[in-house]
Amino acid sequence: MSEINVLDMARKQLAVAAQYLDLDDGLHAVLAQPKRQVVVNFPVVMDNGEVQCFQGYRVQHNSSRGPTKGGLRYHPEVDLDEATALAMWMTWKCAVVNIPYGGAKGGVKVNTKLLSKRELEKLTRRFISEINIVVGERSDIPAPDVGTNAQTMAWIMDTLSMQVGYTLPGCVTGKPIELGGSEGRVEATGRGVIVSAMEACKVLGMDFSESKIVVQGFGNVGSVAAELAEEAGAKVIGVSDATGAIYNEKGLPIKELYQRYSGVEGGIRNYKDCEHISNTDLLALKCDILMPCAIQAQITDENAADVKAKLVVEGANGPTTLEADHTLSDKGIMVVPDILANAGGVVTSYFEWVQDLQNFFWEEDEVNKRLARIMQRAFADVYAMQQKHKTDMRTAAMIIAVDRVAHATTVRGIFP
Ligand code: NAD
């Protein structure tokens, strides 16, 4: 999928929601554009003494509902269009779960595998210094994304703190716990996926604890989702990672798989008591719930007709293409869309920020309970909208999100 298409796709989705809402043309034009795009070119002195120049971006889509929020991605293919599309999706994601943020995204065009830890630290500190005019704990709060992690957030927090002269824990989320990170943040996205799946089961008359589940991707989101599903009594019959997929119709021992094979060469394919199948076969397994939790564009017009699940819950961002969406909908399969199903991460980032601003930290149990409440309420809102318009859950989620952002933009009025 080219980067241009990602932005086109984001705009097409907005246009569909705008039609349902009979959105004013001027307002539609505002929402189709980012509020602010910053492009920076900056030097880093590499370990060998040579100077290398990098390009970085920060895009803020809309801040009508609050400060902007979104990840920083370090990847060779990061560019302005991709960051813009992802920022727009963050606006809708925050609005659909009704947390007081707008959307942002950013990153640096870099192959992190070619840099030493020291070089990455210098790149991060210089990049955040270049964009410090637009980010901050009350304006725009970055988080980890592809190629960045808790350590990156720690360097950013330290850099911005050094520049103001005091510790600013609320300027980024996804930090290590000892620097003001939140309990429950690491598991939050997978946990939100499971709460969404359970709510969907209720409206579809399915018993989650009796269901057979297939999970694509065994990283942060997929492994937590699979483990929580197992804990709730469901049978996880298939899982996969980039090395391939494994299947056992009696159920796979998820905890054991995670403890023994995650991060190990060959991954879960080292497990023996199962059938080894391809990732394509995995998506076509007979099951109740399919959870794509790996990467984008996995369910396409080529394989959507083979999907046999009754319910698809999108842990990954954009795992289903537009054409595949129509096929699944025609087959009567409910798809809980990414902007709802995987919003658990940003909801718990919001909790982290709230705790940081108050310097008052919650126990994990409290974080998880609040997360579940927000996800349940958001699911109920989207389901009610889906029933009202007799549409699919993705369109329903977009209608709610765009309506909330449009409303906030309208009541604030246009300055001056
Ligand atoms: P991760 O890197 O921890 O895990 C990704 C997993 O997918 C790995 O097991 C990897 O082996 C597997 N994978 C990669 N390519 C694959 C392929 N072609 N087929 C099958 N499996 C493949 O990433 P993550 O944090 O778990 O994120 C997964 C998805 O969820 C991404 O789309 C991400 O944008 C989205 N997401 C993550 C979060 C979060 O909080 N981590 C929040 C919202 C959305």
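In this text the structure is predicted, and so the values were computed from the model without any measurement. Along each chain, the written sequence defines residue order, and numbers are assigned to residues from 1. Two thresholds apply to this predicted model, a pLDDT of at least 70 for residue-level local features and 80 or more for giving and counting side-chain atom pairs, whereas whole-chain, interface and lining totals are computed over all residues. Side-chain figures throughout are based on the complete set of non-hydrogen atoms in the structure, without hydrogens or water.

Peer 1: Describe in detail the pairing of strand E5 (residues 140–144), supporting the description with residues and values.
Peer 2: Within E5, four of the five residues are buried, which leaves the element mostly enclosed by the surrounding structure. As paired elements, strand E3 (residues 68–75) and E5 share five bridges and run parallel to each other. Pairing of Leu72 across the sheet is with Pro144, part of E5. Each residue is placed in one exposure class: buried if its accessible area under a 1.4 Å probe, protein chains only, is under 20% of its type's maximum, exposed if it is over 50%, and partly exposed if it falls in between. Helical segments are the DSSP runs of H or I of at least four residues, strand segments are the runs of E of at least two, and each set is numbered from the N terminus. Pairing between strands is defined by DSSP: at least two bridges between them are needed.

Peer 1: Could you give an account of the nonpolar core, naming the residues involved and the relevant values?
Peer 2: Counting 90 residues, the largest nonpolar core has Trp92, Phe208, Val239 and Met291 as its most contacted members. What fixes the domain bounds is an automatic or database domain assignment. Inspection of this core shows a minimum of three residues originating in each of domain 1 (35–166) and domain 2 (188–341). Once residues within four sequence positions are removed from consideration, Met291 is found in contact with Val193, Ile194, Ala197, Phe208, Ile213, Val214, Val215, Gln216, Ala225 and Val313. Nine residue types can take part in a nonpolar core, namely buried Ala, Val, Leu, Ile, Met, Phe, Trp, Tyr and Cys, and a core is a set of them joined through side-chain atoms within 4.5 Å. Of all hydrophobic cores here, the second largest spans 26 residues; its members include Phe42, Leu72, Ile128 and Val135. Contacts are assigned to residue pairs with any non-hydrogen atoms lying within 4.5 Å of each other.

Peer 1: So what about the packing of aromatic side chains? Which residues, and what values?
Peer 2: Each aromatic ring pair is described using two quantities: the centre-to-centre distance and the angle formed by the ring planes. Side-chain rings of Phe, Tyr and Trp (the six-membered ring for Trp) are treated as a pair once their centres are within 6.5 Å; stacked means planes under 30 degrees apart, edge-to-face means over 60, and tilted covers the remaining angles. Under the defined criterion, the tally for this structure stands at 10 aromatic pairs. A centroid spacing of 5.2 Å and a plane angle of 55° characterise the contact between Tyr101 and Trp353, whose relative ring orientation is tilted. Of the two residues, Tyr101 sits in the loop between helix H3 (80–96) and strand E4 (102–109) while Trp353 sits in helix H12 (residues 344–358), which places them 252 residues apart along the sequence. Take Tyr101: its relative accessible area is 0%, and that puts it in the buried class. Accessibility expressed as a relative area gives 9% for Trp353, which makes it buried. With centroids separated by 6.4 Å and ring planes inclined at 35°, the aromatic side chains of Tyr350 and Trp353 adopt a geometry described as tilted. Of this pair, Tyr350 and Trp353 both sit in helix H12, separated by three residues, roughly a single helical turn. For the pair Tyr350 and Trp353, a shared accessibility class is recorded, and that class is buried. What links up through ring pairs into an aromatic cluster is the set Tyr101, Tyr350, Phe351, Trp353 and Trp362.

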